[in-house]
Amino acid sequence: MPIYQDILKRTEQGRKQLAVLVDPDKLQNKDVESIAINAAKSGVDYFFVGGSLLVNNELDQCIKTLKVNSEIPVILFPGNNMQLSWKADAILFLSLISGRNAEMLIGRHVIAAPYLKLSPLEVISCGYMLVESGKTTAVQYMSNTMPIPSDKLDIAICTAMAGEMLGLKLIYLEAGSGAQYSIPIPMIEQVKQNLTIPLIAGGGLRTPETVNQAAVAGADIIVIGNAFEKNSGLISEMADAVHKASKII
Ligand code: 1GP
């Protein structure tokens, strides 16, 4: 089944999903291997692979290691149009709809389109919304965009609604990797109430309690990266915290 159909089906069934973010630059191959093994044992739903800036050319090797050690789908989560690989299963084709930088809204996509057309990757369009989270994040700096203020729920809701109306298939509320504060719970709740497409939330989620709250509030897919870079043994309790928020229909 195509990955997006699977995401839609799980979301319609009320199943909460965990995506483990793997940044090839921050991890050695043995750490990627240990994340893959722990993720496979813990019922993790997806791997997202990428980072704001990759300088070590480890992307293909990282995907290979994830695939050798698990059957979990690998979805590219590219910080820019150089982070592409045919070895993955799918790509989040991110349009940074919270910002007003034309390159991040459509420019880089034009450059990537012919490559993606030729590739076997499943292309999943995604409205990417950066939300203010206490300090300047790498994605804010690298994308040269202003995040949505964390108390401006109306802006977040209308941005997400516009993304869905434009035909984007997912909305991603992003506090930024290693964020000081994760996405506010009322923002997750209200954005979800105004969407019919699946909602992703990530950035700064470090404890099973906050992860569970974000999923209960309405995030269909929770993304965690940083917490597992320090300790991949945490994957199993975080996966439980996400999955137990499911209200299976
Ligand atoms: C970042 O949302 C992801 O793009 C995950 O953030 O690394 O803080 O878990 P963390």
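What counts as what
- Residues numbered from 1 in each chain as written.
- Predicted model: local features only at pLDDT ≥ 70, side-chain atom pairs only at ≥ 80, totals over all residues.
- Heavy atoms only, no water.
- Helix = DSSP H or I, 4+ residues; strand = E, 2+ residues; numbered from the N terminus.
- Rg over C-alpha atoms; globule rule 2.2 N^0.38 Å.
- Buried < 20%, exposed > 50% of the residue type's maximum accessible area, 1.4 Å probe, protein only.
- Contact = heavy atoms within 4.5 Å.
- Areas by Shrake-Rupley, 256 points an atom, 1.4 Å probe, with all protein chains shown as cover.
- Lys, Arg positive; Asp, Glu negative; His and termini not counted.
- Charge placed at Lys NZ, Arg CZ, Asp CG, Glu CD.
- Near = heavy atom within 4 Å.
- Polar contact = N/O pair within 3.5 Å; in protein donor to acceptor, adjacent residues only side chain to side chain.
- Axes fitted to C-alpha atoms, helices over the stretch in contact; angles between N-to-C directions.
- Left-handed = near helix turned anticlockwise from the far one by under 90°.
- Nonpolar A, V, L, I, M, F, W, Y, C, P; charged D, E, K, R; others polar.
- Expected span 1.5 Å × (residues − 1).
- Bend = angle between axes of the 7 residues up to and from the residue.
- Phe/Tyr/Trp six-rings, centres within 6.5 Å; stacked < 30°, edge-to-face > 60°.
- Lys NZ or Arg CZ within 6 Å of the ring centre and 35° of its normal.
- Salt bridge = Lys/Arg side-chain N within 4 Å of Asp/Glu carboxyl O.

**Description of the overall build of the chain**
On a plain count of helices and strands, the chain comes out with 10 helices and eight strands. Here the C-alpha atoms of the chain give a radius of gyration of 16 Å, agreeing with the 18 Å that 2.2 N^0.38 yields for 249 residues. By its C-alpha atoms, the chain is 45 × 40 × 35 Å across when sized along the principal axes. Counting every position in the chain, which comprises 249 residues, the buried fraction comes to 53%. Considering only intrachain contacts with a sequence separation of at least 6, the fraction spanning at least 24 residues in the chain is 73%. Roughly 11300 Å² of accessible area belongs to the chain as shown, and the carbon and sulfur atoms make up 55% of that amount. Side chains of the chain carry 21 positive and 24 negative charges; the gap between the two charge centres is 1 Å.

**Describing the site of the ligand**
Taken together, 14 residues are adjacent to the ligand, and E174, S177, G178, G204 and G225 come closest. Note that an oxygen atom of the ligand is positioned 2.7 Å from one of the backbone N or O atoms of G178. At a separation of 2.8 Å, an oxygen atom of the ligand approaches a polar backbone atom of N226. Protein burial of the ligand: of its 310 Å² of free accessible surface, 97% is covered by the chains. Every element with two or more residues in the shell around the ligand is listed here: strand 6 (170-174) and strand 8 (221-224).

**Observations regarding the packing of helix 6 (residues 153-165) against helix 7 (residues 185-193)**
At a closest axis distance of 9 Å, the pairing of helix 6 and helix 7 adopts a crossing angle of 35°. Read as a crossing pair, helix 6 and helix 7 show a hand that is right-handed. In this structure, helix 6 contributes L153, A156, I157 and A160 to the contact, and helix 7 contributes P186, M187, Q190 and V191. For the contact of helix 6 with helix 7, the residue count by class is seven nonpolar, one polar and no charged.

**Description of helix 4 (residues 102-118)**
An ideal rise of 1.5 Å per residue puts 24 Å on 17 residues; helix 4 measures up with 24 Å between its terminal C-alpha atoms. Residue A112 marks the point of greatest curvature in helix 4, where the axis turns by about 45°; the proline P114 follows within four residues. Looking at the packing, one finds that the buried side of helix 4 touches strand 4 (90-96), strand 5 (122-130) and helix 5 (138-143). Measuring from the backbone nitrogen of E103 back to the side-chain oxygen at the start of helix 4 gives 3.0 Å, which picks out N101 as the cap.

**Description of the packing of aromatic side chains**
Evaluation of the coordinates by the stated rule reveals five aromatic pairs. Ring centres of W86 and Y115 lie 6.3 Å apart, and the angle between their planes is 75°; this geometry places the pair in the edge-to-face category. Here W86, found in the loop between strand 3 (74-76) and strand 4, pairs with Y115, found in helix 4; they are 29 residues apart in sequence, far enough to count as distant. Look at W86 and you get partly exposed, because its relative accessible area is 44%. What makes Y115 partly exposed here is its relative accessible area of 31%. Note that K169 overlies the ring of Y4, its terminal NZ or CZ placed 5.5 Å from the centroid.

**So, the pattern of salt bridges**
On inspection of all chains with the given rule, the structure shows nine salt bridges. Between K26 and D23 there is a salt bridge, with the nearest N and O atoms lying 3.9 Å from each other. On the accessibility criterion, K26 (47% relative accessible area) is partly exposed. For D23, a relative accessible area of 8% gives the class buried.

**What about the side chain of R10?**
Structurally, R10 is set in helix 1 (residues 3-12). Using a relative accessible area of 16% as the deciding quantity, one classes R10 as buried. Apart from residues no more than four positions distant in its own chain, R10 is found in contact with R15, Q17, D45 and Y46.

**Considering the environment of K247**
Within the fold, K247 resides in the segment after helix 10 (235-243). By relative accessible area, which is 58% here, K247 ends up exposed. As a C-alpha pair, K247 and N80 span 167 residues in sequence and 35 Å in three-dimensional space.

**Describing unusual backbone geometry**
The phi angle at N144 is positive, at roughly 55°, despite the residue not being glycine. Relative to the helices and strands, N144 is located in the loop between helix 5 and helix 6.

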